[in-house]
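Here's the letter readout for the chains.
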Amino acid sequence: SCFVLLDDNGYKVLPMAKDYKRIGEGDVGLNTGGMGAISPVPFVDQEFLNKIESKVVIPSVEGIKKDNLLFKGFLFIGLIKVGDEPFVIEYNVRLGDPETEVVIPRLKTDLIDVFLSISKGNLDSLNLEIDERTATTVMVVSGGYPEAYEKNKEITGLQDVHESIVFHAGTKLEDDKVLTNGGRVIAFTSFGKDLDEAIKTSYKSIDLVHFDKMNYRKDIGFDL
């Protein structure tokens, strides 16, 4: 997943990410909204990044200008690597989920400053500072998801999580209790010096939390 910030005068490429859509370990089973993501992507080296920018990003940005499409914001480009070449699967005009939970935490530049520079048309002069560490996120979902699942399961242990960022997706607060309120319930994002350290921290945090029939993939990053 390649994310590009655009304004009328320029663009900035955000960190690359790879997400995991299938419900089952080894990328099997039904598609979901996303079971986890990692950033950066180990196989995307500088040479491949340069190819993505020259063969995909720049022609896309120039095409938008050529067609007089006044677009400001996030351009999402879904890519597949065939041999040593990037090919486009899809475009979206938004951030992706759960890639957002690993891309935005790596952005050290204040997000408000980013949005202000886009609105003023001076994105070109903005210095984007990126955290060099690896970020991983693991999504905890309701049992049965992405098919039928139950809600209103009490979630315990959240107060014990201190090493990860906890993103609430399908939860609600009721009488001082946090309850499940959706299929994808919580994402646990962690940093590490490498993929192994980051992913271990996310799973360590998940071990502290419980709700009835909670489910998550235990192999995020397995192919890397």
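See the structure above.
Residues numbered from 1 in each chain as written. Predicted model: local features only at pLDDT ≥ 70, side-chain atom pairs only at ≥ 80, totals over all residues. Heavy atoms only, no water.

Undergrad: Just checking my understanding: could you explain helix α1 (residues 46-66) for this structure?
TA: Given 3.6 residues to a turn, an α-helix orients residues that are three or four positions apart in the same direction. Over its 21 residues, α1 extends 28 Å from the first C-alpha to the last, a length consistent with the 30 Å expected when each residue adds 1.5 Å. Next to the buried residues of α1 lie β1 (2-6), β2 (11-13), β5 (73-82) and β6 (85-92). Following α1 by one or two positions, Asn68 has its phi on the positive side, about 55°. (Helix = DSSP H or I, 4+ residues; strand = E, 2+ residues; numbered from the N terminus. Expected span 1.5 Å × (residues − 1). Contact = heavy atoms within 4.5 Å.)

Undergrad: When you look at the pairing of β5 in this model, what are you seeing that I'm missing?
TA: Of the strand pairs in this sheet, β1 and β5 are connected by five bridges, and their pairing is antiparallel. Within β5, the position partnered with Phe3 by the bridge is Phe76. Where β5 and β6 come together, seven bridges link them in antiparallel fashion. Within β6, the position partnered with Phe76 by the bridge is Asn92. Taken together, β5 and the strand that follows it, β6, pair antiparallel across an intervening segment of two residues, in which Gly83 is found at a positive phi of about 65°. (Pairing = 2+ DSSP bridges.)

Undergrad: Before we go on, may I ask you to explain the layout of surface pockets in this structure?
TA: The gaps of empty space that remain are located by a probe, the size of a water molecule, rolled over the atoms. Taken as a whole, the largest pocket encloses approximately 610 Å³ of empty space. In this structure, the largest pocket is lined by 27 residues; those nearest its centre are Ser1, Lys18, Asp19, Gly78 and Leu79. Elements supplying a minimum of two residues to the lining of the largest pocket: β3 (18-24), α1, β5 and β6. Taken together, the residues of the lining of the largest pocket sort by class into 13 nonpolar, four polar and ten charged. In this structure, the second largest pocket spans a volume of roughly 510 Å³. Along the wall of the second largest pocket there are 19 residues; nearest its centre are Val13, Leu14, Pro15, Leu49 and Ile130. Those elements that place two or more of their residues in the lining of the second largest pocket are β2 and α1. Here the element with the most residues in the lining of the second largest pocket is α1; it accounts for six residues. Partitioned by chemical class, the residues of the lining of the second largest pocket number 13 nonpolar, two polar and four charged. (1 Å grid on protein atoms, 1.4 Å probe; cavity = no way out; pocket = protein on both sides within 12 Å on 5 of 7 lines; lining within 4 Å. Points joined across faces, edges and corners; volume = space filled by probe spheres on them. Nonpolar A, V, L, I, M, F, W, Y, C, P; charged D, E, K, R; others polar.)

Undergrad: Just checking my understanding: could you explain unusual backbone geometry for this structure?
TA: Across the chain, the bulk of peptide bonds are trans and the bulk of non-glycine residues have phi less than zero. Across the junction of Ser39 and Pro40, the peptide omega takes the value 0°, indicating a cis bond. On the secondary structure map, Pro40 appears in the loop between β4 (28-39) and α1. In this model, Asp97 is joined to Pro98 through a cis peptide bond whose omega is 15°. Counting through the fold element by element, Pro98 comes out in the loop between β6 and α2 (100-103). The residue Asp27 is not glycine, and still its phi comes out positive at about 60°.

Undergrad: Please explain the pattern of salt bridges as it appears in this structure.
TA: Oppositely charged side chains are able to pair whenever their charged atoms sit close together. Taken as a whole and assessed by the stated rule, the structure comprises 19 salt bridges. We note a salt bridge from Lys55 to Glu85, for which the minimum N-O separation is 2.5 Å. Highlighted residues: Lys55 in helix α1 and Glu85 in strand β6, separated in sequence by 30 residues. Its relative accessible area of 46% is what places Lys55 among the partly exposed residues. For Glu85, a relative accessible area of 26% corresponds to the partly exposed category. Put simply, Asp97 and Arg184 hold a salt bridge, and the shortest N to O gap is 2.5 Å. Here Asp97, found in the loop between β6 and α2, pairs with Arg184, found in strand β11 (residues 184-192); they are 87 residues apart in sequence, far enough to count as distant. Because the salt bridges share partners, they merge into one network encompassing Glu150, Lys153, Asp212 and Lys213. (Salt bridge = Lys/Arg side-chain N within 4 Å of Asp/Glu carboxyl O. Buried < 20%, exposed > 50% of the residue type's maximum accessible area, 1.4 Å probe, protein only.)

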